[in-house]
Amino acid sequence: MENAVRMLSTLGLLGAMRQLSSAFEAATGIRIDADFAPTQALLKRLREGEAADLVILTREGLDEVIGEGRVIADSAIDLARSYVGIAVRAGHAHPDIAGEGTLRQTLLAARSVAYSRLGASGIYFAELIERMGIAAEINARATIVQQGFTAERLVTGEADLAVQQISELKQIDGIEVVGPLPHALQTPAVFSAGRMANAKHAAAADRLLHHLASPEVAPVLRQSGLEP
């Protein structure tokens, strides 16, 4: 039996997959060889020919590679919905981000806001501050993270606020998640999985997909900051 599956996953599922992988491996004997990066970075790698058996991307990203024939359409499943949030360094006061007006004041008052360049949250946040008319002021002193966890910049003292998917913020010790941005301003990201058309370990990938679609996965997703 195939005993390994190569998985490329968006960073938003890192926390959940760390827990789910160990349980899956123990139950099936199938090892998960996982690599995590922002969706845009993964799309670039796939288009450059990197091999994988299974991918987890934003729904938009997965639809792109399905359209390109890289992922089998019938294998696609939606796993979780994710909201963008704000974090501060542990012990620091939690600013008011409950409404658009208070969020605007909080962002403008920050010495620096850390957000990502390639992640879904960073793309969303760049568009949000543009719509709010404060992009020039925020970007003039923003801490831009090419890829990785923006909350790391809170621990190093480079930024006062970190913006990212809540599931990604929660991966860093020494920080506190203030909460999600106002829901009225959000377009939640949906993370979806699918099997690669050229998967070398198709049966193992299908077994993992079946597991990820099962109800027992939901509590782990919630614990990591995702909404099943």
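In this text, all values refer to a predicted model and were calculated from it rather than measured experimentally. (Residues numbered from 1 in each chain as written. Predicted model: local features only at pLDDT ≥ 70, side-chain atom pairs only at ≥ 80, totals over all residues. Heavy atoms only, no water.)

Engineer: So what's going on with the side chain of Ser21? Which residues, and what values?
Structural biologist: Within the secondary structure, Ser21 is located in helix 1 (residues 14-28). Overall, the relative accessible area of 10% leaves Ser21 in the buried class. (Helix = DSSP H or I, 4+ residues; strand = E, 2+ residues; numbered from the N terminus. Buried < 20%, exposed > 50% of the residue type's maximum accessible area, 1.4 Å probe, protein only.)

Engineer: A description of the sheet that holds strand 2 (residues 31-36) should follow, citing residues and the corresponding values.
Structural biologist: Sheet strands pair by backbone hydrogen bonding; their relative direction is either parallel or antiparallel. Across the sheet, 5 strands lie side by side as 2-1-3-10-4; this open sheet has mixed pairing. The open sheet has two edge strands with one neighbour each: strand 2 and strand 4 (77-82). Neighbouring strand axes in the sheet, compared pairwise and without regard to direction, differ in orientation by 20° on average. Here 5 bridges tie strand 3 (residues 54-58) to strand 10 (residues 189-195), and the two strands are oriented antiparallel to one another. Residue pairing for strand 10: Ile56 is matched across the bridge by Ala193. Helix-sheet contacts for helix 1 involve strand 1 (4-9), strand 2 and strand 3, and the interaxial angle to strand 2 is about 170°. Strand contacts of helix 2 (residues 39-47): strand 1, strand 2 and strand 3, with the helix running at about 135° to strand 3, the strand carrying the most contacts. (Pairing = 2+ DSSP bridges. Axes fitted to C-alpha atoms, helices over the stretch in contact; angles between N-to-C directions. Contact = heavy atoms within 4.5 Å.)

Engineer: Give me the lowdown on the nonpolar core, citing residues and values where you can.
Structural biologist: Counting residues in each nonpolar core, the largest one holds 26 residues, and the members touching the most others are Leu13, Ile56, Leu208 and Leu212. For this core, the elements supplying multiple residues, two or more each, are strand 1, helix 1, strand 3, strand 4, strand 10, helix 9 (202-212) and helix 10 (218-223). Of the residues forming this core, the biggest block, 5 residues, is contributed by helix 9. In this structure Leu208 touches Val5, Met7, Phe24, Ile32 and Leu54, once residues within four positions along its chain are discounted. One finds Val84, Val113, Ala135 and Leu181 within the second-largest nonpolar core, a separate group that totals 21 residues. (Core = buried A, V, L, I, M, F, W, Y, C linked by side-chain atoms within 4.5 Å.)

Engineer: With reference to specific residues and values, describe the pattern of salt bridges.
Structural biologist: Using the criterion set out here, one finds 17 salt bridges in the structure. The partner of Arg45 in a salt bridge is Asp35, with the nearest N and O atoms 2.6 Å apart. A residue pair is termed long-range when its members are at least 10 positions apart, and Arg45 in helix 2 and Asp35 in strand 2 qualify at 10 residues. Note that Arg195 is salt-bridged to Asp206, the shortest N-O span being 2.7 Å. One end of the pair, Arg195, is in strand 10; the other, Asp206, is in helix 9, with 11 residues separating them in the sequence. Each of Arg6, Asp33, Asp35, Arg45 and Glu50 takes part in salt bridges that share partners, so that together they form one network. (Salt bridge = Lys/Arg side-chain N within 4 Å of Asp/Glu carboxyl O.)

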